[in-house]
Amino acid sequence: MDKPARAPAVRGRNPRDIRSASCRLPILAAVPLLAACGTGALAEAEGRRLAVDDAARLIAEHSTLPGDSQVVRVVAELWVDYTLLALHLDADTTLATLDVEPVIEQPRFDLMMSALRDHVLEVDTVVGDEELTERFAAELPGARATASQILLAFPRAATTRQRDSVLAFAHSLKNQLDTDGDFATLAERFSADPGSGRRGGSMGTFSRGQMLAPIDQAIFALGPGELSDPVETTLGYHLLRLDSLEVPELSEVADEFRQRILLERFGAAEAAYIMQLDSVAGLAIADGSVEIARALLDAVPSRLSGGAARRPLLTWTGGAYTTGDLMELLLGSPEGFAESVAAAGDEELEAALLRLGREELLVEEARARDLEPAESVIDSLAADARRVIRERIAVIGLVSRANASPVDPPVQEAGDSAVAGAGDPVAMGPEALVEAALIRVISGEQEIFPLGAVAFLLRSQGDWRVHEGRIGTVLERIREIQSS
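Residues numbered from 1 in each chain as written. Predicted model: local features only at pLDDT ≥ 70, side-chain atom pairs only at ≥ 80, totals over all residues. Heavy atoms only, no water.

A. Quick look at the overall build of the chain. When helices and strands are counted, the chain shows 18 helices and 10 strands. By the burial criterion, 44% of the 484 residues in the chain qualify as buried. As displayed, the chain offers around 24,200 Å² of accessible surface, 51% of which is attributable to carbon and sulfur atoms. (Helix = DSSP H or I, 4+ residues; strand = E, 2+ residues; numbered from the N terminus. Buried < 20%, exposed > 50% of the residue type's maximum accessible area, 1.4 Å probe, protein only. Areas by Shrake-Rupley, 256 points an atom, 1.4 Å probe, with all protein chains shown as cover.)

B. Main features of the pattern of salt bridges. Tallied over the entire structure, the rule returns 26 salt bridges. In this structure, Glu372 and Arg108 form a salt bridge, with 3.3 Å as the shortest nitrogen-oxygen distance. Of the two residues, Glu372 sits in the loop between helix H14 (346–368) and helix H15 (375–396) while Arg108 sits in helix H3 (residues 105–120), which places them 264 residues apart along the sequence. Classification of Glu372 as partly exposed rests on a relative accessible area of 29%. Look at Arg108 and you get buried, because its relative accessible area is 17%. The network of salt bridges with common partners includes Glu101, Arg108, Arg367 and Glu372. (Salt bridge = Lys/Arg side-chain N within 4 Å of Asp/Glu carboxyl O.)

C. The arrangement of the packing of aromatic side chains in detail. Scanning the entire structure with this criterion turns up three aromatic pairs. Summarising the aromatic geometry, the rings of Phe169 and Phe190 are spaced 5.2 Å apart at their centres and angled 75° between planes, so their arrangement reads as edge-to-face. Taken together, the residues span a long stretch of sequence, with Phe169 in helix H5 (residues 160–179) and Phe190 in helix H6 (residues 183–190) at a distance of 21 residues. You can call Phe169 partly exposed: its relative accessible area is 35%. (Phe/Tyr/Trp six-rings, centres within 6.5 Å; stacked < 30°, edge-to-face > 60°.)

D. Representation of the confidence of the model for the chain in the model. Summarising the model, the chain shows a mean pLDDT of 84, and 85% of its residues fall at 70 or more. Contacts of residues 2–38 to residues separated by more than four positions or lying in other chains number 126 contacts, the stretch itself having pLDDT below 50. The low-confidence segment residues 411–425, where pLDDT is below 50, has 32 contacts with residues more than four positions distant or belonging to other chains. (pLDDT = per-residue confidence, 0-100. Contact = heavy atoms within 4.5 Å.)

E. Just helix H2 (residues 69–91), in detail. In this model H2 runs 33 Å from its N-terminal to its C-terminal C-alpha over 23 residues, within 8% of the 33 Å that 1.5 Å per residue would give. In this structure Asp68 caps H2, since a side-chain oxygen of it lies 2.8 Å from the backbone nitrogen of Gln70. (Expected span 1.5 Å × (residues − 1). Polar contact = N/O pair within 3.5 Å; in protein donor to acceptor, adjacent residues only side chain to side chain.)

F. The arrangement of the nonpolar core in detail. Judged by nonpolar contacts, the single largest core of 59 residues is most densely connected at Leu42, Tyr82, Leu85, Ile389 and Leu398. Listed by contribution, the elements that provide at least two residues to this core are strand S1 (41–45), helix H1 (52–62), H2, H15, helix H16 (430–443), helix H17 (453–461), strand S10 (464–466) and helix H18 (471–483). Element by element, the count of residues in this core is highest for H2, at 13 residues. The residues touching Leu42, leaving out its near neighbours within four places in the chain, are Leu50, Ala51, Val52, Ala55, Val72, Ala76, Arg465, Val466, His467, Arg470, Ile471 and Val474. (Core = buried A, V, L, I, M, F, W, Y, C linked by side-chain atoms within 4.5 Å.)

Laid out in structure tokens, this is it:
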């Protein structure tokens, strides 16, 4: 009952480290730059404005980087996020004004699925000694093999006739080895694996599961000194020899092995339950869903029309997973998530969509059985989330002595900061705290702290805007300031 990660983030809006250029920004004194003045606003947040002139002066006077649209955009994005954070903290030091429901969705889901497993899965949790002994003899958990191979590789885009020819040659080498052929000599002469071939075919020592499945299965089925028949993989045919085998005593691995058997039982029971749930609910993928999903993955829009958002990708009795649901997932996923899913083939993408549908079915089933976490548990999850956010706020430096709590690190005195003129932390309001935090980042004193899910929360609940069309105006003002 695994659930895809839904850690929210704002696609295309996460600030990048503007100090990745070849030069660093100088550490200069903070000056009042963020007042509501200048030729319009580059960014706005909850009634506050970052004026075009102020943004230009901030970059021109405090940066050795040339005027660049990405630098301007990052400054605007950081200003929005820092302002929203500072205003929430100023309104309530416990961050009660911030709805953290999206970031507690995953742990809440996990609790529901755990409760559902307890209710619907019937698994024998007793692994008897006889079964344990038989499984140990068959599977050799913890065993380590030392082995050798001769790889006879397929030609590129090999035809059936060419593959048959490689197999025939593999059998001929096997016959030589069964008589008086020297494995190391033949490996050095014929093996296409450059690593083991140069070492007389030696593959070294390895545990189960480290090699390709056909090789792993063949080697651990051999006795020491035995030679396998040709084993086929995508690379070619392998002649394998088990040189030695280290097998632990059952008593050494019994507890871990017994736990693995139990996990297998639970996995099988869970798969059977989900298959039954799919069948009863009639879960089905709609025509064209893969193409629609791929189009969204290639370019996630900021919004969809009502009709497009309601188009079902998956359907089941009494429910559907829509294009709008998928877009919400993509907008709220970590940077790079959409690109990684888009790289999957059509069959993999269809399977991923079906998993999303099953997730919704499982949630519905858990709710039907009244398995939602108790309010006290949800409150605890929310409190933990707000505590983590406060920790991030403290790292950024948006906590003053006036809004600090016992869990925050000590607020730095103004004189201790490398940025002079930052003001008295006791008296600094949200705007001054944001200004000082921005200067620390631009000056190179402090790294950009990735906000990820926090940025999504802030922007989804706040009133904000970055005026992309004014970036060019900011660049013009930067040039004017630098030339004056």
